[in-house]
Amino acid sequence: MTPSQVLDFARQKGVRQVDIRFTDLPGLAHHISYPISQLSEASFEEGFGIDGSSIRGWAAINESDMLLIPDPATAYIDPFFDVPTLCMAGDIQDPITRQRYDRDPRWIARKAELYLLNTGVADAAFFGAEAEFFIFDNIRFDQNAQSGFYFIDADEGRWNSAREQNNLGYRPRYKEGYFPLPPTDHYQNLRAEMAECLQSVGLEVECHHHEVATGGQAEIDIRYDTIVRAADGMMLFKYVVRNVAYRRGKTVTFMPKPLFGDNGSGMHCHQSLWKNGRPLFAGDGYAGLSQLALWYIGGLLHHARALSAIIAPTTNSYKRLVPGYEAPVNLAYSRRNRSAAIRIPMYSPNPKARRIEFRPPDPSANPYLAFAAMLMAGLDGILNRIDPGEPLDKDIYDLSPEELRGVPAMPASLDEALQCLEQDHEFLLRGDVFTEELIETWINYKQKNEADAVRLRPHPYEFALYYDI
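What counts and how
Residues numbered from 1 in each chain as written. Predicted model: local features only at pLDDT ≥ 70, side-chain atom pairs only at ≥ 80, totals over all residues. Heavy atoms only, no water. Axes fitted to C-alpha atoms, helices over the stretch in contact; angles between N-to-C directions. Helix = DSSP H or I, 4+ residues; strand = E, 2+ residues; numbered from the N terminus. Parallel < 35°, antiparallel > 145°, perpendicular 65-115°, else oblique. Left-handed = near helix turned anticlockwise from the far one by under 90°. Contact = heavy atoms within 4.5 Å. Nonpolar A, V, L, I, M, F, W, Y, C, P; charged D, E, K, R; others polar. Buried < 20%, exposed > 50% of the residue type's maximum accessible area, 1.4 Å probe, protein only. Core = buried A, V, L, I, M, F, W, Y, C linked by side-chain atoms within 4.5 Å. Pairing = 2+ DSSP bridges. Expected span 1.5 Å × (residues − 1). Arc of directions from axis to C-beta.

What about the packing of helix α6 (residues 291-311) against helix α10 (residues 414-423)?
Then comes step 1: Look at α6 against α10: their axes get within 7 Å of each other, and the N-to-C directions meet at 120°. Looking at the two axes, α6 sits oblique to α10. Remark: the crossing between α6 and α10 carries left-handed chirality. Along its contact with α6, which presents R305, A306, S308, A309 and I310, the element α10 presents E416, A417, L418, C420 and L421.
Then comes step 2: Of the residues contributing to the contact of α6 with α10, the split by class is 7 nonpolar, 1 polar and 2 charged.

Let's talk about unusual backbone geometry
Then comes step 1: Following P182, the chain continues into P183 via a peptide bond in cis, with omega recorded as 10°.
Then comes step 2: Mapped onto the elements of the fold, P183 is located in the loop between β9 (148-153) and α4 (188-200).
Then comes step 3: One non-glycine residue, R98, lies in positive phi territory at about 60°.
Then comes step 4: Counting through the fold element by element, R98 comes out in the loop between β6 (85-93) and α3 (105-119).
Then comes step 5: Looking at R98, the relative accessible area reads 37%, which means it is partly exposed.
Then comes step 6: Despite not being glycine, A287 has its phi angle at roughly 55°, a positive value.
Then comes step 7: Position of A287 among the secondary structure elements: in the loop between β15 (278-279) and α6.

Quick look at the nonpolar core
Then comes step 1: One finds F133, F237, L273, F371, M374, L375 and F434 to be the most contacted residues of the largest nonpolar core, which totals 102 residues.
Then comes step 2: Sequence-distant contacts of F434, that is, excluding residues within four places in its chain, are made with I108, I310, L369, A372, A373, L428, L429 and I439.
Then comes step 3: In this structure, V6, L39, M66 and L68 belong to the second largest nonpolar core, which totals 23 residues.

Here we look at the pairing of β6
Then comes step 1: With 9 of 9 residues buried, β6 lies mostly within the body of the structure.
Then comes step 2: Of the two faces of β6, the one lined by T85, C87, A89, D91 and Q93 and the one lined by L86, M88, G90 and I92 are each fully buried.
Then comes step 3: Where strand β1 (residues 17-23) and β6 come together, 5 bridges link them in parallel fashion. Bridge assignment links I20 to a residue of β6, and that residue is M88.
Then comes step 4: Bridging between strand β4 (residues 65-70) and β6 involves 4 bridges; their strand directions are antiparallel. Within β6, the residue paired with P70 across the bridge is G90.
Then comes step 5: Sheet topology note: the strand β5 (residues 76-77)/β6 ladder contains 2 bridges and is antiparallel. Looking at β6, one finds that I77 is bridged to L86.

Examining α4
Then comes step 1: In a regular helix each residue adds 1.5 Å, so 13 residues correspond to 18 Å; α4 covers 18 Å between its end C-alpha atoms and thus fits that length.
Then comes step 2: All buried positions along α4 are accounted for by L190, R191, M194, A195, C197 and L198. Relative to the axis of α4, the buried residues are bounded by an arc of 165° and lie together on one face. Along α4, the residues that are exposed and aim more than 90 degrees away from the buried face are N189, E196 and S200.
Then comes step 3: Looking at the packing, one finds that the buried side of α4 touches β7 (124-136), β10 (205-210), β11 (218-222), α5 (227-247) and β13 (251-253).
Then comes step 4: Looking one or two residues beyond α4, the residue adopting positive phi is G202, at roughly 100°.

Structure (structure tokens):
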């Protein structure tokens, strides 16, 4: 919609509030609301003033004033607010220079799209992300100087099979939760409600199902889109899924690995490049791929260890990225093989369906930064003709130690991932998509507030291991 169409739409729907949303550097959504009388056509140029110094990873207090500019193309009616509310994504501008803010994740994703156009390689990059999540009934956690704990309760949790009251059985076994029918699948109705709500706000749902883990692990797939729109969609997806669950007395987490001993949640990213309406990844090479697609794979694999600090950006991410839980730890590519970091789906012979699926990302990632970084790595592979090597069609988890030595692996911790990013990020700086200052801010923030913060605190299992040492 155009600004005038947004205002007409608001009048037709009886809107009384407007809510502008934006995303901080680590990937948490924020919002601010105004009476609808405050929104005019001029608002889409002049914006609304906000304090940027209180947003994680953003401006210092002496440069805190910023403008939030609503994007009319993202307008929808919020399905949860009692007062009729029009929602839009917002872009951040400097009020003095009127330039887009370099730490605004949405601007970084947009710059990646502009860089793609400037290379001449393609005119569109499509991303389809599959963000898995868990549905719990109750969650308690705390951490202080003398205690630290978490406690998860899930009616569908396998560990609850010994519950004395209200126990009707039908719980998925560990690693055996894929596609069960109700009543073993407890959340068919809840996921269907989530899917309906997602469609009501403009997202196209392709399917939904129970995932491999117990504890209500779920997946709802939404249709692919261009980078900024796909990232907008992922932020909206998380918002809707959480709030539908909350409304039904459940809680959703996108933590990569909340349960010990069962599969974690990934955010597998399907990717393809197009030009003049023609798919560029289809060809007569391995698995029906073009040479350009193989170079794109080469770029992703070559920079995967550096990418990990952006696409798997939490200490908890590396609880998921371990062998034995379908996690794509080893950096190889293969058709159909889900143990490889890159899988080439073979569902359809249609050239338009030819794409690659990058499996290491998880849903704790900021989608704007993650999609932009993956595109930059793939483009680096194309521009420098990076050979991805030979495909690996064996089950990687069945390889001998000798065979496995030749397959590079993802980092084993956030500390290691941040070191990899520090050593290899020049490909992200091309076209000023990412800046040196932003990379430095990201590394410092993640190291101090997450990696060091977790490393310095005693772990509950350490008491079981060492209390009587």
